[in-house]
Amino acid sequence: MTAERVAMIRERLTAALQPEDLEIQDDSARHAGHEGAKGGGGHFNVRIVSPAFAGRNLLERHRMVYDALGDAMHSEIHALSIQAKTPEEL
């Protein structure tokens, strides 16, 4: 299931934000026994670099990521850490 979730996250973020770089780390195993893990939702770290973030503040960038993930934020993903940058910010 873990590989499928990472693939789903990658697919949705790529389709919506056309990132130049995208790293997804599944930290779900580190949260075994955590209340959110009991419900089946995973814990993920995302580092995404996309021109789509240009001119957007941090909150707007996070909303763009949440919007791209859609309903998965309510079922497949319990916790998400996001680093969202433009290529110029690297």
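Everything numeric here is computed off the predicted structure, so don't read it as measured data. (Residues numbered from 1 in each chain as written. Predicted model: local features only at pLDDT ≥ 70, side-chain atom pairs only at ≥ 80, totals over all residues. Heavy atoms only, no water.)

J.: When you look at the sheet that holds strand S2 (residues 42–49) in this model, what are you seeing that I'm missing?
T.: In a beta sheet, neighbouring strands are held together by backbone hydrogen bonds and run either parallel or antiparallel to one another. Strand order in the open sheet formed by 3 strands is S1-S2-S3, and the pairing between neighbours is mixed. Only two strands of the sheet have a single partner each, and these edge strands are strand S1 (21–26) and strand S3 (77–85). Sheet twist, expressed as the average angle between the axes of neighbouring strands with direction ignored, equals 15°. Strand direction decides the pairing type here: S2 and S3, joined by 8 bridges, are parallel. When the sheet's bridge partners are listed, Gly 42 is paired in S3 with Ile 77. On top of the sheet, helix H3 (residues 58–69) reaches S2 and S3; it is set at about 130° to S3, its chief contact. (Pairing = 2+ DSSP bridges. Helix = DSSP H or I, 4+ residues; strand = E, 2+ residues; numbered from the N terminus. Axes fitted to C-alpha atoms, helices over the stretch in contact; angles between N-to-C directions. Contact = heavy atoms within 4.5 Å.)

J.: Just to check I follow, could you spell out H3 for this structure?
T.: Two residues of an α-helix separated by three or four positions point the same way, owing to the 3.6 residues in each turn. Spanning 12 residues, H3 covers 17 Å between terminal C-alpha atoms, matching the ideal 16 Å at 1.5 Å per step. Buried residues in H3 make contact with helix H1 (2–17), S2 and S3. N-cap assignment for H3: the residue whose side-chain oxygen lies 3.0 Å from the backbone N of Leu 59 is Asn 57. Where H3 ends, the next residue or the one after it, Gly 70, has phi of about 55°, a positive value. (Expected span 1.5 Å × (residues − 1). Polar contact = N/O pair within 3.5 Å; in protein donor to acceptor, adjacent residues only side chain to side chain.)

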